Amino acid sequence: MLRRHSILANTVYHDLLRNLLDDAVSDLQGTPTRVQRGDKAYWYDSYRVGSTVRTAYIGEDTEELRQRLAAHEELRETRKARTASRSRLIRILRAEGFLPVDATVGSLLTAFQRTGVFRLGGTLVGTQAFRLYEGELGVRFSLEPLLTTEDLDVASFARLSLALQDHISEPIQETLSTFRFAPAPTLDQNKTWRWTQTGGDLLVEFLTPSFEEDEGLKPLVALGVHVQSLHYLNFLIADPIPVAVPYRYGVLAQVPRPERFAVHKLIVADRRQGGPDVLKARKDRAQAAFLI
């Protein structure tokens, strides 16, 4: 039987998410500027450094973001209070039975948020994303086989990465080396897209949709890495949603919409053939069934 979190837990989770979204626009250095590109509009923080005007991507234009930007001065003044509030909210979520976040995963997600990985289109996919639907859907996870993973996968659109004309504040390689990750061997050592943890089991991978017949490696400009392209990934990461990761003072990440995640898992399961892929396909279908 599907078990749901209490009304208190649901309320606290969404308070935490709103708090993190408010915080995301509270440290602007200059003036919010709206830029139209094709049929979409984006917001940038425009500020001057000496005689140079610089811009930093904030997000895609939405009514919700416009309201936050209009109040960014007020949000800046209350930032310290929000940080203290998040610590309290996360303690409540733990008491209410929310899943604990592995320290390495939580620290990595914190670093990715700090350097702008999620702000610049990075979307957490795979089982790490599945775990974060607990707060979005208000359900309790107790199905351990569905939650076990040694992968942390981040996906993004290569075209969006190029169009945003911004990049993360610290190279991915430097961030990962801090957590004792080393590049995994590839045919072309100049095109690393996955990293393995020294003395650990965690594998970090970067992915992008493939719109061609092959599934080769492609550059992801905004994140400064090469990524493995995969078919059907465009369906998964279109129109992602923000989520709150209840780790330390909270992390603002983004994941696929749960309905897209479920359908994509069915597609992926159907493509897996033989060997260890049989077990992965079984897990894919079980996660899809749970969400559906």
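Residues numbered from 1 in each chain as written. Predicted model: local features only at pLDDT ≥ 70, side-chain atom pairs only at ≥ 80, totals over all residues. Heavy atoms only, no water.

J.: What am I meant to see in helix 13 (residues 277-291) here?
T.: Note on helix geometry: an α-helix contains 3.6 residues per turn, so any two residues three or four positions apart are oriented the same way. With 15 residues, helix 13 should reach 21 Å at 1.5 Å per residue; the first-to-last C-alpha distance of 21 Å fits that figure. Among the residues of helix 13, A281, D284, Q287, A288 and L291 are the ones counted as buried. One side of helix 13 holds all its buried residues, which, seen down the axis, span an arc of 125°. Those residues of helix 13 that are exposed and angled more than 90 degrees off the buried face are L279, R282 and A289. In this structure, the buried side of helix 13 is in contact with helix 6 (127-131), helix 7 (133-137), helix 8 (144-147) and helix 12 (258-271). (Helix = DSSP H or I, 4+ residues; strand = E, 2+ residues; numbered from the N terminus. Expected span 1.5 Å × (residues − 1). Buried < 20%, exposed > 50% of the residue type's maximum accessible area, 1.4 Å probe, protein only. Arc of directions from axis to C-beta. Contact = heavy atoms within 4.5 Å.)

J.: It is not clear to me how helix 1 (residues 7-23) should be interpreted in this structure. Could you clarify?
T.: A rise of 1.5 Å per residue sets the reference length of helix 1, with its 17 residues, at 24 Å; its end C-alpha atoms lie 24 Å apart and thus fit the reference within 8%. Restricting attention to buried positions, one finds in helix 1 the residues A9, V12, Y13, L16, L17, N19, L20, L21, D22 and D23. Here the buried face of helix 1 lies against helix 2 (63-70), helix 3 (72-77), helix 4 (79-95), helix 7, strand 11 (241-245) and strand 12 (251-255).

J.: Is there a simple way to explain unusual backbone geometry in this structure?
T.: Only a minority of non-glycine residues have a phi that is not negative, and only a minority of peptide bonds are not trans. Although it is not a glycine, Y232 adopts a positive phi angle of roughly 70°. Phi angles above zero are rare outside glycine, and R248 is one such case at about 50°. Summarising the element assignment, R248 is placed in the loop between strand 11 and strand 12. Assessed through its relative accessible area of 55%, R248 is described here as exposed.

J.: Is there a simple way to explain the side chain of Q254 in this structure?
T.: Residue placement: Q254 occurs in strand 12. Of note is the side chain of Q254, whose polar atom sits 3.2 Å from the backbone oxygen of G122. Beyond its immediate sequence surroundings of up to four residues, Q254 is in contact with F118, G121, G122, T123, L124, P240, I241, P242 and V243. (Polar contact = N/O pair within 3.5 Å; in protein donor to acceptor, adjacent residues only side chain to side chain.)

J.: Which parts of the structure should I look at to understand the packing of helix 1 against helix 4?
T.: In a pair of packed helices, the angle between the axes and the distance between the axes together describe the arrangement. At a minimum axis distance of 10 Å, the contact between helix 1 and helix 4 shows a crossing angle of 150°. When the axis of helix 1 is compared with that of helix 4, the two are roughly antiparallel. Read as a crossing pair, helix 1 and helix 4 show a hand that is left-handed. Of helix 4, the residues touching helix 1 (which contributes L8, A9, V12, Y13, D15, L16, N19, L20, D22 and D23) are R79, R82, S85, R86, L89, I90, I92 and L93. Of the residues belonging to the contact of helix 1 with helix 4, the class tally is 10 nonpolar, two polar and six charged. (Axes fitted to C-alpha atoms, helices over the stretch in contact; angles between N-to-C directions. Parallel < 35°, antiparallel > 145°, perpendicular 65-115°, else oblique. Left-handed = near helix turned anticlockwise from the far one by under 90°. Nonpolar A, V, L, I, M, F, W, Y, C, P; charged D, E, K, R; others polar.)

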